[in-house]
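The primary structure of each chain is shown beneath.
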Amino acid sequence: MSLRALWLIGPEKGEAAAVVRFSRRYPTVEKRAKVFNGGSYTEVPGDHVFLKALLIELGMTDSDKIFVEHRDSCCRINKTSVYEVPIGDGVLWPVLVITQHAMIYACLPLVEQSLVPQPPLININGISPAFGLLSGLMALFNLVQRNESEISAKLTQLPVMLMHACPLGTPTDTDFGLMQTLSGSFFPHSPSSSSQIQKQPSWKPGIYKGKPQVNVCITEQIRSMQYDKRDVTDIWQDYGTVTCKCDLEGIMPNVTISLNLPTNGSPLQDILVHPCVSAVDSSILTSNSVDTDDSLFNGPYKFPFTPPLDVFKLCYYTSQVPLPPILGFYQMKEEDQQVKISVHLKLHESVKNGFEYCEAHIPFFNRGPIVQNDCKVSYGQLEVSREKSLLVWVIGQKFPKSLEISLTGTMAFAGLGAVNHSSQITDPFCTGLTAYVKLYFRIPDYTLTGCCVDQHSVQVYSSAKPKIITSRELLSSEYYIWNSKGDAPVASRPFIS
């Protein structure tokens, strides 16, 4: 559903002969055509060669009275607007051509197979989108009651509109009339000379118009597997994402964002940056969690970039933080047809004691519904889910001053065979005493690494001074505490000599 090339042909002011008023080629699509077409591939020629061949094919040259067998023979009957255009020893096909008010609209769709023999038009995916694009252009260049200056103005706007309507050769939006109505989002209002116009990249089809603003959010997620066993090592990993949304006027505004760490902050590693980042210190990219070298890069982490229009991920990173934010153990054992459980959680003293939410979910697999709950908590509230197979410990927004909380008690179950409960959760791996507690929490305005963005360090090179908004957060992700009285899945065990 892509186009190899597009042409607009018509007479210029004061001339009767047709010339190519506008053309656009898509090199990436052309490379695909060379692969798909194989030996039947014909390269798209220059505008002058194509124009001459097309006018001969359409019978619109000065020598149109001369009989051309392949064009004028009775064996050929044109029922569509699709033409073969001979180019040297090859043929361009299928060339879509529509003529309206002395203007010729032509394009060459991509055919994703060999052209010998020619496949039926109905089997070519690019035919319908190509006709839609030409129809949209015809509506835009409706020459009734329009003069040359209006045509020239539309031709000037066409490159930017095509980046939105046909990015990288794939038609996505053929309503050029709507684009013209919303032209304030695509074209600058103040006129400027051609030498002052900055070339707009293909990946940025529009220009923002409105209140300038830069929004930066750092989101760190912590994974943890805690076992409370001597022969199994607890593991955790902190990884972060820097998300940006830059509403800035201009074609190519430049922004530089610096990530700052405190003196005792954990260095950022395994950094991956967005393609829009123009330059970055090589030490930032080479710092990784695999190397055992102690000389880690501690910043500053500066990222200069030209932002796209939408929300994007500026960079990803990991960090080897010394401890997870919440430490704990979980013990579950069976006694007299009941299950006795004990959960202990402790918030590390260096972590901010201010949560948006904090919950501990204790699922009971393959046991049937809960019929008796004699559990008590030292802090927070305890709830039983509607399915009667999950305990939800709502800790709330803060830990107590001691930073330690506990849950103890006994549970009784009806059993899977006692009552038909299709909603009961089952797990082939979590059988017997193999069980876990899973933590869910979010701490706003905090990161484990201490990574943050100072509003005053954000540099914006744009026509207007934007409003800078920064935020950060820490989220739990796959935060498990396994039952120390049962088996648990582990990735590796330490080697004991």
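Residues numbered from 1 in each chain as written. Predicted model: local features only at pLDDT ≥ 70, side-chain atom pairs only at ≥ 80, totals over all residues. Heavy atoms only, no water.

### A short note on helix α5 (residues 148–165)
Then step 1. The first and last C-alpha atoms of α5 sit 24 Å apart over 18 residues, in line with the 26 Å expected at 1.5 Å per residue.
Then step 2. Its maximal kink placed at Leu158, α5 deviates by approximately 45 degrees, while the proline Pro159 follows within four residues.
Then step 3. All buried positions along α5 are accounted for by Ile151, Lys154, Leu155, Leu158, Val160, Met161, Leu162, Met163 and Ala165. (Helix = DSSP H or I, 4+ residues; strand = E, 2+ residues; numbered from the N terminus. Expected span 1.5 Å × (residues − 1). Bend = angle between axes of the 7 residues up to and from the residue. Buried < 20%, exposed > 50% of the residue type's maximum accessible area, 1.4 Å probe, protein only.)

### Topic: the nonpolar core
Then step 1. Counting 37 residues, the largest nonpolar core has Ile326, Tyr330, Ile341, Leu345, Phe364, Phe399 and Phe441 as its most contacted members.
Then step 2. Those elements that place two or more of their residues in this core are β12 (326–335), β13 (338–347), β14 (357–363), β18 (390–394), β19 (404–413), β20 (436–444) and β22 (467–482).
Then step 3. If you tally residues by element for this core, the top one is β13, at five residues.
Then step 4. Other than its neighbours up to four places away in sequence, Ile326 contacts Gln226, Leu345, Lys346, Leu347, Phe355, Cys358, Phe399, Leu439, Phe441 and Tyr479.
Then step 5. Among the nonpolar cores identified, the runner-up in size contains 34 residues, and Tyr26, Val29, Tyr105 and Leu137 belong to it. (Core = buried A, V, L, I, M, F, W, Y, C linked by side-chain atoms within 4.5 Å. Contact = heavy atoms within 4.5 Å.)

### Remarks on the sheet that holds strand β4 (residues 90–100)
Hydrogen bonds between backbone groups are what pair the strands of a sheet, and the pairing can be parallel or antiparallel.
Then step 1. Spatial strand order, β2-β1-β5-β4-β3: five strands in an open sheet with antiparallel pairing. The open sheet terminates on both sides in strands that have one partner only, identified here as β2 (18–25) and β3 (82–87). The mean inter-strand angle of the sheet, taken between neighbouring strand axes irrespective of direction, is 30 degrees.
Then step 2. The sheet strands contacting helix α4 (residues 127–140) are β1 (3–11), β4 and β5 (103–109), and the helix crosses β4 at an angle near 35 degrees. (Pairing = 2+ DSSP bridges. Axes fitted to C-alpha atoms, helices over the stretch in contact; angles between N-to-C directions.)

### What about the confidence of the model for the protein chain?
Where the model shows low pLDDT, its predicted coordinates should not be examined in detail.
Then step 1. Mean pLDDT over the protein chain: 85, with 84% of residues reaching 70 or higher.
Then step 2. Below pLDDT 50 for its whole length, residues 188–196 participates in five contacts with residues either more than four positions away or in separate chains. (pLDDT = per-residue confidence, 0-100.)

### Looking at the side chain of Thr434
Then step 1. As for its placement among the helices and strands, Thr434 is situated in the loop between β19 and β20.
Then step 2. For Thr434, the side chain forms a polar contact with the main-chain oxygen of Asp487, separated by 3.2 Å. (Polar contact = N/O pair within 3.5 Å; in protein donor to acceptor, adjacent residues only side chain to side chain.)

### Brief notes about the sheet that holds β18
Then step 1. In spatial order, the strands read β9-β11-β7-β6-β22-β20-β14-β18-β17; together these nine strands make up an open sheet with mixed pairing. The sheet terminates laterally at β9 (269–273) and β17 (381–384), the two strands that pair on one side only. Between one strand axis and the next, the sheet turns by 15 degrees as a mean value, whatever way the strands run.
Then step 2. In this structure, β14 lies alongside β18, joined through five bridges in antiparallel fashion. Residue Pro363 lies in a different strand from β18, and its bridge partner there is Leu390.

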